[in-house]
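Chain by chain, the residues:
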Amino acid sequence: MSKLLFAWDYSSYPGAKTYPNLFQPIRIGNLTIPNRIKYAATEDNFNDPEGFITDADVAYMRARAEGVVGGLCVMQGVYMDLGRQGQGYVGQAAAWHDRFVPGLKRIADAIHDERAVAGFQLMHCGRVGAVEVERCQAPSYVPQRLRVFKPVEAMSKEDIRRGVEEHADAARRGIEAGFDVMEISGIVGYLLSNFISSYTNRRTDEYGGDIRGRMRFAVEVIQAVKAVCGTDVPLGIRLCCEELLDDVRGNSPAESIASYQIAEEAGVDYISVTAGWQESIVPVISRDVPMGSWLHLAKRAKEHVKVPIQMAYRLFKPDLPDRAIGAGELDVWEMCRPMIADPLMPKKVLEGREEDIRFCVACNLCLARLFRDAPMTCYINPRCAHEHDPRFTPQPAAEPKTVLVVGAGPAGLECAYVAAQRGHEVHVYDRRPVVGGTLNEAARAPYGDEELLTCRDYQKTQCEKAGVEFHLGVEVTPERIAEEAPDTVVLATGPVYVRGQGAGFERDNVVNVLDVMAGTAAVGARVVVWGNRKPGIGVALKLAREGKRVTLVGRNRSAGFDINPSFKWRYMIYLRQNKVTAYNDCDIEEIQDGAVVVRTYDGYRFPVACDTVVVTERERNDALKPAVQAEGIELFVIGDALVPRNLSSAVHDGYRIGLRI
């Protein structure tokens, strides 16, 4: 008889009718889960340096537990060894001693408070671990491709035996803490995947050799943990279905499928499908990978094993997993980043409020911060990492004010709806007839940037629901500010696009990046883009894909200075693939007929053939500040008007000022 922890009835909800497969129960082991939704384990670096659970982590998990509306909510993977070689993140939770159990119980209790199923993950980070010690553990000495990781120490058989025991001991602690489902992490370059992969396992003993030998450690871990779990606690494992390591002799797809079959034989109750390693050079989860690209891996797994198959990986919209589940190609929809961006995403799907979802834009800022030993934050969700802090939740204003927001870009819109939710009367002005500001042009860049418009659409909806009044196609002048006499003015006017100091920037063939992205500027066959930050890269790639010969010239020492490193590497590859020549740490000294003169940082000059120069360099916008200050009105300057940066900075600026007014 299967056990049901919490009864849920979804029949009256509109989302259950639109996506009937997502809100059907599923049996995993001897446990019935009310729906097919799972928040998948994600590190967050919120815990203290010793691995003890903090208020921040409990609140973060509570929000995601509410979001899964009765589904499975799995806490971050815990490290299990006193020596901390398995620890891959500075704020990773620990489970190597009984004294960690009370803190872990706080998370299990928080998940249960939201009537969701609590999952506990065991994660030894292997060759990407040892964040606080000198050497990491792995089956064989194979140097990492990424220099950020620690030197590798090959494990002895005694180390392997101890590793199996540590998994079992930590599993016992998870069960004592009250978790309902156990999960083993064997993905992306963590320890189990190191043993499974032919890339990192060069052993000649019984733990190496063919795929069955390389799976031996995983099998022993599964069996030891299964013995602890018994029949009441289901056990799952996350495994790569494709390592995407062909260039370094990684596993073949057939070997990966064999690892699934062996794990099933060993006793797992479900398998979570993943693709790629941290050392893979193939893009997997960035927005240049179309949504649904990896569903064929779930289908492949379903064809070879009988246990339920779960998967995340670019499934940001509910129609994709719902259709796959209905077709018998997937069993459970996993989410990591979509529920970082909006912890209540599946709840909003269930309630038929998809217009209220703040969709992830697959920028990978969350991962970039983790890999640099910083607490996780979200590019577009300012509350992420602050769920425990009431100051980050909009509260009714002590004194309602009339607020004039100048600029309907992402900074202005974010500020407007937050301020309006707090009870202020908010008016948003923009000289354009549409909202979104320069996001409308930025989204025309190739490789998935159209997904950025989900941010605009979300903000516009929230403004409308909060009662924000729009005045579009209206220019705000000093006279209008004096006439309106609001209590507060927020300048979200965007940056000023500046022409260079060199001769020739006044020529007719010098055009603005916004006009080029909008398609309203004439552009010749040979183009020089001035500015090597994200706006310059975006327009350079767009023009190169249109067949232009493009040269990128910028003052920063490397292109993409303002792009987070977990995404920047993709742009660098695309620049090369599209034959864009980049001159970094350089400037344009002069624009001549048919050419520009480029000057390097050390004074060397050379010509570049050119028909059109595209200006992307930006400065802050002080245009209306004196007028507001002259009236003695409370003033805030946000977004690119304050300092030209990126979409994330605009959203976070807007949110925080919306809270402050």
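Small disclaimer: the values here were computed from a predicted structure and weren't measured.

### Details of a nonpolar patch on the surface
There is a patch of nonpolar side chains on the surface, built from Ile281, Val282 and Trp569 and spanning about 240 Å² of accessible area. Tracing the sequence through the fold places Val282 in the loop between β11 (270-275) and α9 (295-302). A relative accessible area of 34% means that Val282 is categorised as partly exposed.

### Here's the deal with the sheet that holds strand β21 (residues 549-553)
Reading across the sheet, the five strands line up as β19-β26-β20-β21-β22 and stay open at both edges, with parallel pairing between neighbours. Bordering the open sheet on either side are β19 (510-512) and β22 (581-583), each of which pairs with just one other strand. Put simply, the sheet's adjacent strands are angled 25° from each other on average, direction ignored. Where β21 lies against β22, three bridges are found, and the strand directions are parallel. Its bridge partner being in β22, Thr551 is matched across the sheet by Thr581. Strand contacts of helix α19 (residues 534-545): β20 (526-530), β21 and β26 (612-615), with the helix running at about 170° to β21, the strand carrying the most contacts.

### Focus on the pairing of strand β14 (residues 402-406)
With respect to burial, β14 is a largely interior element, four of its five residues being buried. Direction of pairing for β14 relative to strand β15 (residues 425-430): parallel, over a ladder of five bridges. Counted as the bridge partner of Thr402 is Glu425 from β15. In this view, the connection linking β14 to its parallel neighbour β15 by way of helix α14 (residues 410-421) has right-handed handedness. Relative to strand β17 (residues 488-491), β14 is paired through four bridges, and the arrangement is parallel.

### Overview of the pattern of salt bridges
The full count for this structure, using the stated rule, is 54 salt bridges. A salt bridge links Glu279 to Arg127, with the shortest nitrogen-to-oxygen separation between them at 2.9 Å. You can see Glu279 sitting in the loop between β11 and α9 and its partner Arg127 sitting in the loop between β6 (117-122) and β7 (136-138), a full 152 residues away along the chain. With relative accessibility at 3%, the residue Glu279 sits in the buried group. Of the charged contacts, one joins Arg570 and Asp288 as a salt bridge, the two residues approaching to 3.0 Å between their closest N and O atoms.

### A look at unusual backbone geometry
The backbone of Leu244 shows a phi angle near 60°, a positive value even though the residue is not glycine. With respect to the helices and strands, Leu244 occurs in the loop between β10 (235-242) and α8 (253-266). A residue is classified by how much of its surface remains accessible, and Leu244, at 14% relative accessible area, is buried. Despite not being glycine, Arg249 shows a phi value in the positive range, around 60°. Turning to its location among the elements, Arg249 is positioned in the loop between β10 and α8. Here Arg249 falls in the exposed class, since its relative accessible area comes to 59%.

### Comments concerning helix α10 (residues 319-326)
By the burial criterion, the buried members of α10 are Leu320, Pro321, Asp322, Ala324 and Ile325. Those residues of α10 that are buried are in contact with α1 (14-18), α9 and β13 (332-335). Downstream of α10 by a residue or two, Gly328 has a phi angle that is positive, lying close to 75°.

### A few points about the domain arrangement of the chain
Interfaces are often sized by the accessible area lost when the parts come together. Assigned domains within the chain: domain 1 (32-371), domain 2 (397-495 + 620-660) and domain 3 (498-617). Placing a centre on the C-alpha atoms of domain 1 and another on those of domain 3 gives a separation of 42 Å. Contacts between the two partners involve 14 residues from domain 1 and, on the opposite side, eight residues from domain 3. Carbon and sulfur atoms make up 57% of the surface buried where domain 1 meets domain 3, a total of about 720 Å² over both sides. Our enumeration of links across domain 1 and domain 3 arrives at one salt bridge. Partitioning the side of domain 1 that touches domain 3 into residue classes produces nine nonpolar, three polar and two charged.

### Some remarks on the environment of Ser185
Relative to the elements of secondary structure, Ser185 occurs in strand β9 (residues 181-186). When its relative accessible area of 2% is taken as the criterion, Ser185 is described as buried. The sequence separation of Ser185 and Ile237 amounts to 52 residues, and the corresponding C-alpha distance is 5.9 Å. Not counting residues within four places of it along the chain, the set of residues in contact with Ser185 comprises Gln121, Leu122, Met123, Tyr190, Leu192 and Arg238.

### As for the environment of Pro343
Secondary-structure assignment places Pro343 in the loop between α11 (337-341) and α12 (345-350). Its relative accessible area of 15% is what places Pro343 among the buried residues. A sequence separation of 280 residues divides Pro343 from Ala63, and the C-alpha atoms of the two residues are 5.9 Å apart. With near-sequence residues (within four places) excluded, Pro343 lies in contact with Ala63, Arg64, Gly67 and Asn381.

About the cut-offs
- Residues numbered from 1 in each chain as written.
- Predicted model: local features only at pLDDT ≥ 70, side-chain atom pairs only at ≥ 80, totals over all residues.
- Heavy atoms only, no water.
- Patch = residues over 30% accessible without salt bridge, like charges linked within 9 Å, V, L, I, M, F, W, Y side chains within 5 Å.
- Areas by Shrake-Rupley, 256 points an atom, 1.4 Å probe, with all protein chains shown as cover.
- Salt bridge = Lys/Arg side-chain N within 4 Å of Asp/Glu carboxyl O.
- Helix = DSSP H or I, 4+ residues; strand = E, 2+ residues; numbered from the N terminus.
- Buried < 20%, exposed > 50% of the residue type's maximum accessible area, 1.4 Å probe, protein only.
- Pairing = 2+ DSSP bridges.
- Axes fitted to C-alpha atoms, helices over the stretch in contact; angles between N-to-C directions.
- Contact = heavy atoms within 4.5 Å.
- Right-handed = clockwise from strand over helix to strand, strands pointing away.
- Domains from an automatic or database assignment.
- Buried area = accessible area lost by both parts, 1.4 Å probe.
- Nonpolar A, V, L, I, M, F, W, Y, C, P; charged D, E, K, R; others polar.

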